[in-house]
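The residues making up each chain are set out below.
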Amino acid sequence: MRGISALRDSHILVIHPRPEELRILLSQLQAAGTRLSMATTSRQGLQRAQVLSLELILLNMQMPKMDGLALCRLFREAPATRHTPVIFLSAASTVDERLQGFALGAADYVTQPFVPEEVIARICIHLARGERHATRLDQSGEKALQDTDEITLRATMRLIDQQLDSPPPLVDMARLVGTHGKRLTAIFRRRLGLTVYAYIREQRLRRSQELLARSDATIQDIAELIGFRSAANFATSFRERTGMTPSAFRQQIRNGGAIDCANCLAAAERTK
């Protein structure tokens, strides 16, 4: 580990609604040669993270309007911040909250009040690890996404794919990506030409086709995996949207027949 020297010339973004609470920590970081950028809202933090060249992000969990978990979810969808270590700061830590943070790719979690020297030690560890990610990112040629709507869209699509069997209601889904239902609906309509729920139906159709073609799962199991209450309901919906039953679709695939997916999507389009 590079130790305290890792702080020299490193650029850290601190996202906290009350940065004065971190006065001692920030003073020690600056004294060690760290360049600090500040944001007091999540939206400001997201925007600044896309244009700054950062080595690490310190993120307060309890942010107003858009909480730290939602912001971290957005960071992981943007090439500019996808590999940037995020350390959560929280005054109200719970096991569930920490697990959610780690599931979203957070590098570490510090409970307030904290000892500044311990936080700095953790920062040094993750700065050293982050160098490998920075090299990989430079070689990949990825460019930062400036469009926050695109980041929000990608984060929502990933959330839906992860919970396709039981996606959250629109209002909860919007909160999880740091926005509100009306704006999220507008983003989906503008970028995809679909409502959020129409996109969910599209994804369920695609996932069911993949499972039918590539697995031996029963029709009932597939129905449950994509969020249908019964095999009968799934079969009816599948036939309405593709022109054939799930069993016929699977048989045609296994017999080497081609499936006209364009017709399947056209059928889905008519149901929107």
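Note that the coordinates shown come from a computational prediction; the quantities given were computed from them, not determined experimentally.

### Concerning helix H8 (residues 181-192)
Relative to the 16 Å expected for 12 residues at 1.5 Å per residue, H8 spans 16 Å between its end C-alpha atoms, a close match to the ideal helical length. If you follow the buried residues of H8, they end up packed against helix H6 (148-162), helix H7 (170-176) and helix H9 (196-214). Within two residues after H8, Gly 193 carries a phi angle of roughly 75°, on the positive side.

### Structural notes on the environment of Glu 118
Its place among the elements puts Glu 118 in helix H5 (residues 116-140). Overall, Glu 118 belongs to the partly exposed group, its relative accessible area being 40%. Remark: the alpha-carbon pair of Glu 118 and Leu 25, spanning 93 residues in sequence, is separated by 9.9 Å. Within polar-contact distance, the side chain of Glu 118 engages the side chain of Arg 122 at 2.7 Å.

### Some details on the side chain of Thr 179
Tracing the sequence through the fold places Thr 179 in the loop between H7 and H8. A distance of 3.0 Å separates polar atoms of two side chains, one belonging to Thr 179 and the other to Arg 183. Ignoring any residue separated from it by four or fewer positions in sequence, one finds Thr 179 in contact with Thr 152, Ala 174 and Leu 184.

Reading the values: rules and limits
- Residues numbered from 1 in each chain as written.
- Predicted model: local features only at pLDDT ≥ 70, side-chain atom pairs only at ≥ 80, totals over all residues.
- Heavy atoms only, no water.
- Helix = DSSP H or I, 4+ residues; strand = E, 2+ residues; numbered from the N terminus.
- Expected span 1.5 Å × (residues − 1).
- Contact = heavy atoms within 4.5 Å.
- Buried < 20%, exposed > 50% of the residue type's maximum accessible area, 1.4 Å probe, protein only.
- Polar contact = N/O pair within 3.5 Å; in protein donor to acceptor, adjacent residues only side chain to side chain.

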